[in-house]
Amino acid sequence: MVHRLEYGFVEATAVSAHELDATSLADIKDILKHEYPDAKSYHINTRIDAALVGGVRVELPDQQLDLTLRRKLSTFKRLTMQGKE
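So, how was this worked out
Residues numbered from 1 in each chain as written. Predicted model: local features only at pLDDT ≥ 70, side-chain atom pairs only at ≥ 80, totals over all residues. Heavy atoms only, no water. Helix = DSSP H or I, 4+ residues; strand = E, 2+ residues; numbered from the N terminus. Buried < 20%, exposed > 50% of the residue type's maximum accessible area, 1.4 Å probe, protein only. Contact = heavy atoms within 4.5 Å. pLDDT = per-residue confidence, 0-100. Salt bridge = Lys/Arg side-chain N within 4 Å of Asp/Glu carboxyl O. Pairing = 2+ DSSP bridges. Axes fitted to C-alpha atoms, helices over the stretch in contact; angles between N-to-C directions.

(A) Up close: the side chain of Ser16. Within the secondary structure layout, Ser16 lies in strand β1 (residues 9-16). Looking at Ser16, the relative accessible area reads 3%, which means it is buried. If sequence neighbours within four positions are ignored, Ser16 has contacts with Arg47, Ile48, Asp49, Leu52, Gly55 and Val56.

Structure representation (structure tokens):
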């Protein structure tokens, strides 16, 4: 997949607990367009993962954008625990 990215074809997988609506997919595509402005095309696959409580994780061949509830809660916990150890 990285090879496709080199030629301007951005392919990502959006993973969520529930089916994503058109607005959410459009928002993800906008993020990809901002991150890869010179790309020729953008394609978003979707995958349902019941283990996710909420939010979405966008997976690309070379990186991942984790906007899941679990990740946000982990970050919050880590930040509130700093300095208490």
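(B) The confidence of the model for the chain, seen in detail. In this model, the chain carries a mean pLDDT of 87, and residues with pLDDT of at least 70 account for 92%. Here helix α1 (residues 2-6) is the element of the chain with the lowest mean pLDDT, 65, and strand β2 (residues 41-48) is the one with the highest, 95.

(C) Region of the structure containing the pattern of salt bridges. The tally for this structure, following the rule as stated, stands at 2 salt bridges. Measuring nitrogen to oxygen at the nearest pair gives 3.5 Å for the salt bridge that ties Arg47 to Glu59. Here Arg47 is found in strand β2, whereas its partner Glu59 is found in strand β3 (residues 55-59), with 12 residues between them in sequence. Exposure remark for Arg47: the relative accessible area of 39% places this residue in the partly exposed category. Its salt-bridge partner being Glu59, residue Arg57 comes within 3.0 Å of it at the nearest N-O pair. One salt-bridge network, in which partners are shared between bridges, spans Arg47, Arg57 and Glu59.

(D) Broad picture of the pairing of strand β4 (residues 64-68). Taken together, the 5 bridges between β3 and β4 define a ladder with antiparallel strand orientation. Its bridge partner being in β4, Val56 is matched across the sheet by Leu67. Here β3 folds back onto β4, and the loop between the two strands holds 4 residues.

(E) Representation of the sheet that holds β2 in the model. Across the sheet, 4 strands lie side by side as β2-β1-β3-β4; this open sheet has mixed pairing. Pairing within the sheet leaves two strands with one partner each, and these edge strands are β2 and β4. On average, adjacent strands in this sheet sit at an angle of 20 degrees to one another, irrespective of strand direction. Direction of pairing for β1 relative to β3: antiparallel, over a ladder of 4 bridges. The residue bridging Ser16 from the neighbouring strand is Val56, located in β3. Sheet strands in contact with helix α2 (residues 22-35) are β1, β2, β3 and β4, and its direction is about 135 degrees off that of β2. Against the sheet, helix α3 (residues 69-81) engages β3 and β4, with an angle of about 85 degrees to β4.

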